[in-house]
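Residue strings, one per chain:
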Amino acid sequence: MNPPARDAFIAALTKIVGPTHVITDPSMRASYETDWTGRFSGQALAVVRPKNTAQVAAVVSLCGEHGVPLVPQGGNTGLVGGAVPSEGSIVLSTTRLNNVGTVDEVAAQVAVGAGATLAAVQAAVRPRGLDVGVDLASRDSATIGGLIATNAGGERVLRYGSMRRQVVGLEAVLADGTVMKHMTGLTKDNTGYDLVRLFAGSEGTLAIITTVLLQLVPLPAKRTVALIGLADVATAQSVLTGLRLRLPQLTAAELFFDAGLELVREHAGLSAPMPDRHPVYLLVEAADVSDPTDALLFQLEKDVRIRDAVLANDTKGVAALWDYREGHTEAVSALGTPIKLDVAVPAAALPAFIAALPLIIEKVAPEAQMFMWGHLAESNLHVNLVNVNGDADRLTDAVLDIVIRSGGSISAEHGVGRAKAAWLERARSAPELAAMRSIKVALDPRGIFNPGVLFPE
Ligand code: FAD
Ligand code: MLT
Ligand code: ZN
């Protein structure tokens, strides 16, 4: 865009949202231009912060007229570079669309602005005895719009499913500036295509989500967490299989390893959870209306494979055990910019996959340090590589190659973003890719939404 056209465009944006909400100053744009990991960045023409759906629609229409790409951004906690600006784009920040509506206790639903953080929604609904089914460590910044756009998973998928399952209604601005709304909240509604859940996992490539109707879950009054030390991953899987069969109160089953635990402890200054160290840790949580401690203890006590376990059922103790798990992301990032590979493999292939990783990585990047953790119930492993001097793409390729050959997914919960767009072709079949491209072209014919994300440019 030449300077006079650019100035006219910025002036028109300013007319829509007001001068304080069009950010062109490079130092003020900076935090919107780099992702949480520090690995992905780009330069935006401007950052725009609309306050309502009408303003979003006007911004989208203006961008359409000028052919300016739009990158939707919520809390910017995404881990695949999906919210960083592409060349010549504007970042549309949703953080001012943060209204949290009145909780409908009968339907157990609440309408929220796409820019409301998960923590804000939790704070609004928990006093009513309700909760959001998805929870994750980025809750203070991650927005409901971003969570849906990435179809985020997190810690309670085994009980409540990922974000797609929590959405019953949605309002979104389409590429031509029209507002599409389906907010009836009816759980039964078979009038054609499911246009609401189509946007789950769309990563900002189909529309800008502006309002969301969330289906809430009952907030369990009692929560018990056990951190279990084990010999290996196969044993962790087997312990979990037993718990899933016999403990209906189970809400979480998280996996981490000795190296990760030591790193988290050092980074956060935490004491050891148990006297001895163990190769593998399984953190399980049970939650119910009545105290699930006895039920959990009953299952664990008789299991001779458990080397050691600590248990907590008070708020402080539960949070302290979760800190060992939730602290991994920050602790690894403190070592340097990580390459983050969020993958899933079939459960039967997980132990062999984990065993094969060090050799594969050593061949490509002998200098790399690897830390792994994940959500065991979905065989979702986060492979994090730091201190990589060599070619990040070659390393990514080596790991994703064995994921694909194991019948796994190259992105279990973080999305494809920019980080894995080049691998999408290997992950989905030709007919699937053709159908996905048809949907993209039908909804965004000029390709103004998030170019380079999901589909390679
Ligand atoms: P952003 O990062 O701003 O955007 C993410 C994507 O969504 C981009 O493609 C963007 O264009 C699009 N987008 C955002 N808002 C909208 C909108 N309104 N309309 C259309 N598109 C939009 N993820 C998990 O799945 N599970 C975890 O357990 C988990 N734990 C995390 C822990 C930490 C400490 C951190 C930093 C991240 C974690 N994440 C996890 C990743 C991240 O929090 C999620 O991907 C989250 O869904 C992103 O929300 P956000 O508002 O920050 O979105
Ligand atoms: C997690 O489960 O910790 C998150 O998905 C974040 C991450 O992988 O770093
Ligand atoms: Zn995760």
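None of the values given here were measured: they were computed from a predicted structure.

1. Quick word on the overall build of the protein
When helices and strands are counted, the protein shows 15 helices and 17 strands. Computed over C-alpha atoms, the radius of gyration of the protein comes to 22 Å, within 12% of the 23 Å expected from 2.2 N^0.38 for 457 residues, which places it in the range of a compact globule. Each principal axis of the C-alpha distribution contributes one length, and for the protein these read about 70 × 55 × 45 Å. Every one of the 457 residues in the protein was classed for burial, and the buried ones make up 54%. As displayed, the protein offers around 19,100 Å² of accessible surface, 53% of which is attributable to carbon and sulfur atoms. On the protein, the mean spot of the 39 positive side-chain charges and the mean spot of the 47 negative ones are 3 Å from each other.

2. A look at the site of ligand 1
Near ligand 1 lie 36 residues; those nearest to it are Pro72, Gly74, Thr77, Ser138 and Thr143. Contacts to ligand 1 include Thr150, whose side-chain N or O atom sits 2.8 Å from an oxygen atom. In the model, an oxygen atom of ligand 1 is placed 3.2 Å from a nitrogen or oxygen of the Glu203 main chain. Contact with the protein chains hides 96% of the accessible area of ligand 1, taken as 970 Å² for the molecule alone. Looking at the shell around ligand 1, its residues break down into 14 nonpolar, 20 polar and two charged.

3. Focus: the sheet that holds strand S17 (residues 380–386)
Across the sheet, seven strands lie side by side as S14-S11-S13-S12-S16-S17-S15; this open sheet has antiparallel pairing. Because the sheet does not close on itself, it has two edges, and the strands there are strand S14 (308–312) and strand S15 (339–344). Strand-to-strand, the axes of this sheet are offset by a mean angle of 15 degrees, without reference to chain direction. Looking at chain direction, strand S12 (residues 250–257) and strand S16 (residues 369–375) are connected through three bridges and run antiparallel. Along S16, the bridge assignment pairs Phe256 with Trp373.

4. Quick notes on the site of ligand 2
The immediate surroundings of ligand 2 are formed by Leu79, Arg325, Thr329, Lys340, Trp373, His375, His382, Glu413 and His414. The separation between an oxygen atom of ligand 2 and a polar side-chain atom of His414 is 2.7 Å. The fraction of the free accessible surface of ligand 2 (260 Å²) that becomes covered by protein chains is 86%. Of the residues contributing to the shell around ligand 2, the split by class is two nonpolar, four polar and three charged.

5. Brief notes about the coordination of the zinc ion (ligand 3)
Looking at the zinc ion (ligand 3), one finds its protein donor set to be His375 (NE2), His382 (NE2) and Glu413 (OE), positioned 1.9 to 2.1 Å from the metal centre. The sequence pattern describing where the donors of the zinc ion (ligand 3) fall on their chain is H-x6-H-x30-E. Placement of His382 in strand S17 and of Glu413 in the loop between helix H13 (392–405) and helix H14 (424–427) is noted, with a sequence separation of 31 residues between them. According to the relative accessible area criterion, His382 is buried, its value standing at 5%. A residue is classified by how much of its surface remains accessible, and Glu413, at 10% relative accessible area, is buried.

6. A few points about the packing of aromatic side chains
Evaluated as defined, the whole model comprises one aromatic pair. With centroids separated by 5.6 Å and ring planes inclined at 20 degrees, the aromatic side chains of Phe256 and Tyr281 adopt a geometry described as stacked. Taken together, the residues Phe256 in strand S12 and Tyr281 in strand S13 (residues 280–288) connect sequence positions 25 residues apart. The residues Phe256 and Tyr281 share a single accessibility class, namely buried.

7. Focus: the pairing of S15
Along any regular strand the residues' side chains alternate between the sheet's two faces. Counted residue by residue, S15 has six buried out of six residues, so it is predominantly covered. Note that S15 and S17 share six bridges and pair antiparallel. Residue Ile339 lies in a different strand from S17, and its bridge partner there is Leu385.

8. Some details on the layout of surface pockets
Reported here for the second largest pocket is a volume of approximately 750 Å³. Lining the second largest pocket are 36 residues; nearest its centre among them are Arg164, Ala200, Gly201, Ser411 and Arg428. Secondary-structure elements contributing two or more residues to the lining of the second largest pocket are H14 and helix H15 (430–443). Grouping the constituent residues of the lining of the second largest pocket by class yields 15 nonpolar, 13 polar and eight charged.

9. Digging into the packing of helix H12 (residues 350–364) against H13
Viewed as axis vectors pointing N to C, H12 and H13 meet at an angle of 155 degrees, and their least axial separation amounts to 10 Å. Here H12 is positioned roughly antiparallel relative to H13, judged by the angle of their axes. The chirality of how H12 crosses H13 is right-handed. On H13, the residues that touch Phe353, Ala356, Leu357, Ile360, Ile361 and Val364 of H12 are Arg394, Leu395, Ala398, Val399, Ile402 and Val403. By residue class, the composition of the contact of H12 with H13 is 11 nonpolar, no polar and one charged.

Reading the values: the criteria
- Starting from 1, residues in each chain are numbered consecutively following that chain's sequence as written.
- The order in which chains are written sets their letters, starting at A; the order in which ligands are written sets their numbers, starting at 1.
- Local features in this predicted model are restricted to residues whose pLDDT is 70 or higher, and side-chain atom pairs enter the listing and the counts only when it is 80 or higher, whereas totals over whole chains, interfaces and linings include all residues.
- The side-chain figures draw on all heavy atoms in the structure; neither hydrogens nor water molecules are used.
- Note on conventions: DSSP H or I runs of at least 4 residues are helices, E runs of at least 2 residues are strands, and numbering of each starts at the N terminus.
- For a compact globule the rule gives 2.2 Å times the number of residues to the power 0.38, and the radius of gyration it is set against comes from C-alpha atoms.
- Accessibility here uses a 1.4 Å probe with only protein chains present; expressed as a share of the type maximum, an area under 20% marks a residue as buried, one over 50% as exposed, and anything in between as partly exposed.
- Note on areas: Shrake-Rupley with a 1.4 Å probe; residue coverage comes only from the protein chains shown.
- The positive count covers Lys and Arg only, the negative count covers Asp and Glu only, and His and the chain ends enter neither.
- The atom standing in for a charge is NZ when the residue is Lys, CZ when it is Arg, CG when it is Asp and CD when it is Glu.
- Nearness is judged by heavy atoms alone; a residue qualifies as near a molecule or strand once a single heavy atom is within 4 Å of it.
- A 3.5 Å cut-off defines polar contacts: any pair of N or O atoms within that distance qualifies, except that in protein one atom must be a possible hydrogen donor and the other a possible acceptor, and neighbouring residues in sequence count only when both atoms are side-chain atoms.
- Under the grouping applied here, Gly and all other residues not named as nonpolar or charged are polar, the nonpolar ones being Ala, Val, Leu, Ile, Met, Phe, Trp, Tyr, Cys and Pro and the charged ones Asp, Glu, Lys and Arg.
- We treat two strands as partners when DSSP finds at least two bridges between them.
- The axes used here are C-alpha line fits, helices contributing only the stretch in contact, and every angle between their N-to-C directions lies in the interval 0 to 180 degrees.
- Coordinating N, O and S atoms are those within 2.8 Å of the metal (3.2 Å for Na, K and Ca), and as water is not part of the atoms, a site may appear to have fewer donors than expected.
- Whether two aromatic rings pair depends on their centres lying within 6.5 Å, for rings of Phe, Tyr and Trp, where Trp uses its six-membered ring; planes under 30 degrees apart make the pair stacked, over 60 edge-to-face, and the rest tilted.
- Here the term cavity refers to a set of points on a 1 Å grid, laid over the protein atoms alone, in which a 1.4 Å probe fits but cannot get out; the term pocket refers to an open set having protein on both sides within 12 Å along at least five of seven lines, with lining residues being those that place an atom within 4 Å of a point.
- Grid points are joined across faces, edges and corners, and a volume is the space filled by probe spheres set on the points.
- In this scheme, roughly parallel covers angles under 35 degrees and roughly antiparallel covers those over 145, while 65 to 115 is roughly perpendicular and the rest are oblique.
- For any pair of crossing helices, the crossing counts as left-handed if the nearer helix is rotated counterclockwise from the farther one by less than a right angle, and right-handed if it is rotated clockwise.
- We call two residues in contact when some of their heavy atoms are within 4.5 Å.

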